[in-house]
Amino acid sequence: MRAFLRRAWPLVALAALAAIGVVAVAKQLRDGNDFPIYWQAARDVIAGRSPYDVGTGLHGYVYLPWFALSMAPLALLPLGVAAWVWYLVNLAFIWYSGRTLLDALRMAGVPVRGWPPALATLALVGLFHDNLVLGQANLFLLWLVSLGIRASQRAGSPSHRGIPFGWAAALKMPAAVLALPLLMRRRFSVVLGLMLSVALAAGLPLLESGGTGLRLLQDWRAKVIAPAAAGTLQGSKNIDQSPQAALRRLLVAEPAFDDHAVNVASLDQATFARVSRITSIVFLLGYVIVWLFAPRRASPRALLLDLALGCCAMVQLTGFSLKAQFVVLLLPAWLAASLAWDGPWRVRRVSLVVAGALFLLAQPGLVGRTVSDWMLAYSSMTVATVILAKVLAWQRLTLPPSDAPAAAPDPGTVR
């Protein structure tokens, strides 16, 4: 029976992935989200049109022009075929992100046993499914961040190791926060690589003559940056699980979903905008304090914990973090669980179990749409991320010398 199961499970997994692919492509063709938006944006850029529908808020294409340019090969295919190709590419992103992050954990000397990371992954499975079904760009982001994290674990700091972080930040700006722990470790050349990559990605449209590239950047700013700065890009909808959106649902008289509101106050927009900015500053200061004053800064495990905290900060600092973006918490979840179950850390384990439960209760496929909507309205994923970040910060601040192995050498280096 065991031999049969070993032979059968790959076939079952392939059948499940194929079934998800059929559902995903059909849903994208029916609803027009999210990959069809990227596909159409690429076709618009190829044709010399702007992909930005300024004034529609979250709806439509919201990334920098370079991402639309990168999708140009798929834009040459029929939408149905392109959607299948993107689905397979996203599966590859998941596979290689997982392998890359496991490499980073081993390089930092973190004990990787099968079941703690597996249980940590379970809490995020619904988010991976959402990304696959909608064809979103978050799995591409996860892969870029994973490459940067593994590269950062190696000894030395050549600037090219910042390139994956730079392209991640050019895809979604919150990834730029990963530069802070690197700066505090004096990895200046890595940060330089990050900055140059962002500049290259942002400046690519400017190479086009006739001012078209500049107009694209202006449209992007009007569609994304201006409303995000004003706190109006997503409003109070429960799909946004950033701390700022969580406070907005409590403090502004707007519905969290359908016609249901959960507010306990009714601040005006200008007052709440100040509250939102203060919230971002408080979260950023909390992370900076940990990065500045935690011990054992020279060890690879300390760096990995710092970067894991940076992944948490990616969905907490900007006030615009849709639930599917929380797949970037894969490393924080794996790292926190592996360390919590590698010693007598009962409080940390209980905290992580609570955080995992809050993530699971936000998944409509598990608890139903009604329960999920109410859990998200009361910001269950926001609270879960705060708990996860607090456990990681606790682990970082109490990192003992015995948990600080020497830096991993570059491949081919004799120790």
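Heads up: these notes are all about the structure in this document. (Residues numbered from 1 in each chain as written. Predicted model: local features only at pLDDT ≥ 70, side-chain atom pairs only at ≥ 80, totals over all residues. Heavy atoms only, no water.)

### Side note on the packing of aromatic side chains
For clarity, the threshold we go by: Under the pairing criterion, centres of Phe, Tyr and Trp rings, with the six-membered ring standing for Trp, must be within 6.5 Å; the plane angle then separates stacked pairs below 30 degrees from edge-to-face pairs above 60, leaving the rest tilted. Partly exposed residues are those whose accessible area sits between 20% and 50% of the maximum for their type, while under 20% is buried and over 50% is exposed, using a 1.4 Å probe and protein chains only. A ring has a charge above it when a Lys NZ or an Arg CZ is no more than 6 Å from the ring centre and no more than 35 degrees off the ring normal.
Within this structure, the stated rule accounts for 19 aromatic pairs. Centre to centre, the rings of Trp 374 and Tyr 378 are 6.4 Å apart; their planes meet at 25°, and the pair counts as stacked. With relative accessibility at 51%, the residue Tyr 378 sits in the exposed group. Three or more aromatic residues joined by ring pairs make a cluster, and in this case those are Phe 35, Tyr 38, Tyr 52, Tyr 61, Tyr 63, Trp 66, Phe 67, Trp 86, Phe 93, Phe 140, Trp 143 and Trp 167. In this structure, Arg 348 packs its charged tip against the face of Trp 345, placed 4.1 Å from the ring centre. Over the ring of Trp 394 we find Arg 348, and its NZ or CZ is 4.8 Å from the ring centre.

### Observations regarding the pattern of salt bridges
For clarity, the threshold we go by: What makes a salt bridge here is a side-chain nitrogen of Lys or Arg within 4 Å of a carboxyl oxygen of Asp or Glu, nothing more. Helix and strand assignments follow DSSP, with helices taken as H or I runs no shorter than four residues and strands as E runs no shorter than two, numbered in order from the N terminus.
Taken as a whole and judged by the stated rule, the model has ten salt bridges. Arg 30 serves as the salt-bridge partner of Asp 31, at 2.8 Å between the closest nitrogen and oxygen. The closest approach of N and O atoms between Asp 306 and Arg 185, which form a salt bridge, is 3.4 Å. A residue pair is termed long-range when its members are at least 10 positions apart, and Asp 306 in helix H15 (residues 300–314) and Arg 185 in the loop between helix H10 (179–184) and helix H11 (188–203) qualify at 121 residues. Note on Asp 306: relative accessible area 2%, which makes it buried. Three or more residues are tied together by salt bridges with common partners; here these are Lys 27, Arg 30 and Asp 31.

### A few points about the packing of helix H2 (residues 35–46) against helix H5 (residues 79–107)
Helix-helix packing is described using two parameters, namely the angle between the two axes and the distance between the axes. Here is the rule: The convention used is that axes are lines fitted to C-alpha atoms, helices contributing only their stretch in contact, and that angles between N-to-C directions extend from 0 to 180 degrees. Rotating anticlockwise by less than a right angle from the far helix to the near helix defines a left-handed crossing, while the corresponding clockwise rotation defines a right-handed one. Any pair of residues with heavy atoms lying within 4.5 Å of one another is described as a contacting pair.
The N-to-C vectors of H2 and H5 enclose an angle of 115°; their axes lie 10 Å apart at closest approach. Considering how the two elements wind past one another, H2 and H5 form a crossing that is right-handed. The residues of H5 that touch H2, namely those facing Phe 35, Pro 36 and Trp 39, are Leu 79, Ala 82, Ala 83 and Trp 86.

### Structural notes on unusual backbone geometry
Look at the link from Asn 33 to Asp 34: it is a cis peptide, with omega at -15°. Assignment of secondary structure puts Asp 34 in the loop between helix H1 (2–31) and H2. The phi angle at Arg 186 is positive, at roughly 60°, despite the residue not being glycine. Relative to the elements of secondary structure, Arg 186 occurs in the loop between H10 and H11. Even without glycine at this site, Ser 379 takes up a positive phi of about 65°. The residue Ser 379 is located in the loop between helix H19 (369–377) and helix H20 (380–397) in this model. For Ser 379, a relative accessible area of 5% puts it in the buried group.

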